[in-house]
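Spelled out, the chains give:
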Amino acid sequence: MWILPLLFHIAAVKTTKLNDKAILANEADFTTRVKIMGFTSRLLKTGVKWGVVVGAVKLSIDQEVWSLNTERGSELYSKLKQYILPGTIVYREKLPSPEEVHLNVGSKWNGVIDSIFGYANSFPSTLNSAVNSLYKVANAEAK
């Protein structure tokens, strides 16, 4: 978002030569343009949000969602079940069951803990062998 004020600033700047120095002529104009851009941006965001809400309400009124006619309500509900809900049910069927998730998380957690303690258990012997090999190399170079 910072690039737009910069572009407006570059476009609005008028330079004049006075004693071989460039002077910016329209600094006050730049701040005014930035304020207008901020206001316009907020207005646009608010307008889009209100447009979505008003559009949803208008669509629901046009579809007679709020009517007291129970036959129309049952028609809409059957359309909802027929066209929209099958996609959500198919997605839900692809999800693992809670038992599978619980077993999976438990086994992974146990594997991580086992590997951490395995590395911690083998660390002293690994460090000892590394120090011994460095010690042997240092003795061989000293001789």
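Residues numbered from 1 in each chain as written. Predicted model: local features only at pLDDT ≥ 70, side-chain atom pairs only at ≥ 80, totals over all residues. Heavy atoms only, no water.

A. Region of the structure containing the overall build of the protein chain. Scanning the protein chain for helices and strands turns up four helices and two strands. Secondary structure elements of the protein chain occur, N-terminal to C-terminal, as α-β-β-α-α-α. Residues classed as buried in the protein chain amount to 5% of the 143 residues present. A total accessible area of about 12,900 Å² is found for the protein chain, and carbon and sulfur atoms account for 67% of it. (Helix = DSSP H or I, 4+ residues; strand = E, 2+ residues; numbered from the N terminus. Buried < 20%, exposed > 50% of the residue type's maximum accessible area, 1.4 Å probe, protein only. Areas by Shrake-Rupley, 256 points an atom, 1.4 Å probe, with all protein chains shown as cover.)

B. Region of interest: helix α4 (residues 98-142). With 45 residues, α4 should reach 66 Å at 1.5 Å per residue; the first-to-last C-alpha distance of 64 Å fits that figure. At Phe-123, α4 is deflected by roughly 40°, the largest bend along its length, and proline Pro-124 occurs up to four residues later in sequence. (Expected span 1.5 Å × (residues − 1). Bend = angle between axes of the 7 residues up to and from the residue.)

C. Representation of the pattern of salt bridges in the model. With the rule as written, the count across this model stands at three salt bridges. As a salt-bridge pair, Arg-72 and Glu-64 come within 3.8 Å of each other at their nearest N and O atoms. By relative accessible area, Arg-72 is classed as buried at 17%. Overall, the relative accessible area of 39% leaves Glu-64 in the partly exposed class. If you follow the salt bridges from partner to partner, you end up with Glu-64, Arg-72 and Glu-75 in one network. (Salt bridge = Lys/Arg side-chain N within 4 Å of Asp/Glu carboxyl O.)

D. Fine view of the side chain of Arg-72. Checked against the element boundaries, Arg-72 lands in helix α3 (residues 70-94). Beyond its immediate sequence surroundings of up to four residues, Arg-72 is in contact with Gln-63, Glu-64 and Lys-79. (Contact = heavy atoms within 4.5 Å.)

E. Structural context of the side chain of Ser-60. Structurally, Ser-60 can be placed in helix α2 (residues 27-62). With near-sequence residues (within four places) excluded, Ser-60 lies in contact with Val-65 and Trp-66.

F. Representation of a nonpolar patch on the surface within the structure. A cluster of nonpolar side chains, contributed by Val-53, Val-57, Ile-61, Val-65 and Trp-66, occupies part of the molecular surface with about 520 Å² of accessible area. You can see Trp-66 is positioned in the loop between α2 and α3. (Patch = residues over 30% accessible without salt bridge, like charges linked within 9 Å, V, L, I, M, F, W, Y side chains within 5 Å.)

G. Geometry of unusual backbone geometry. With phi around 60°, Glu-64 is a residue other than glycine that occupies positive phi space. Relative to the helices and strands, Glu-64 resides in the loop between α2 and α3.

H. Inspection of the confidence of the model for the protein chain at higher detail. With 74% of its residues at a pLDDT of 70 or more, the protein chain has an overall mean of 78. Counting contacts from residues 14-23, a segment whose pLDDT is below 50, to residues more than four positions away or on other chains yields ten contacts. (pLDDT = per-residue confidence, 0-100.)

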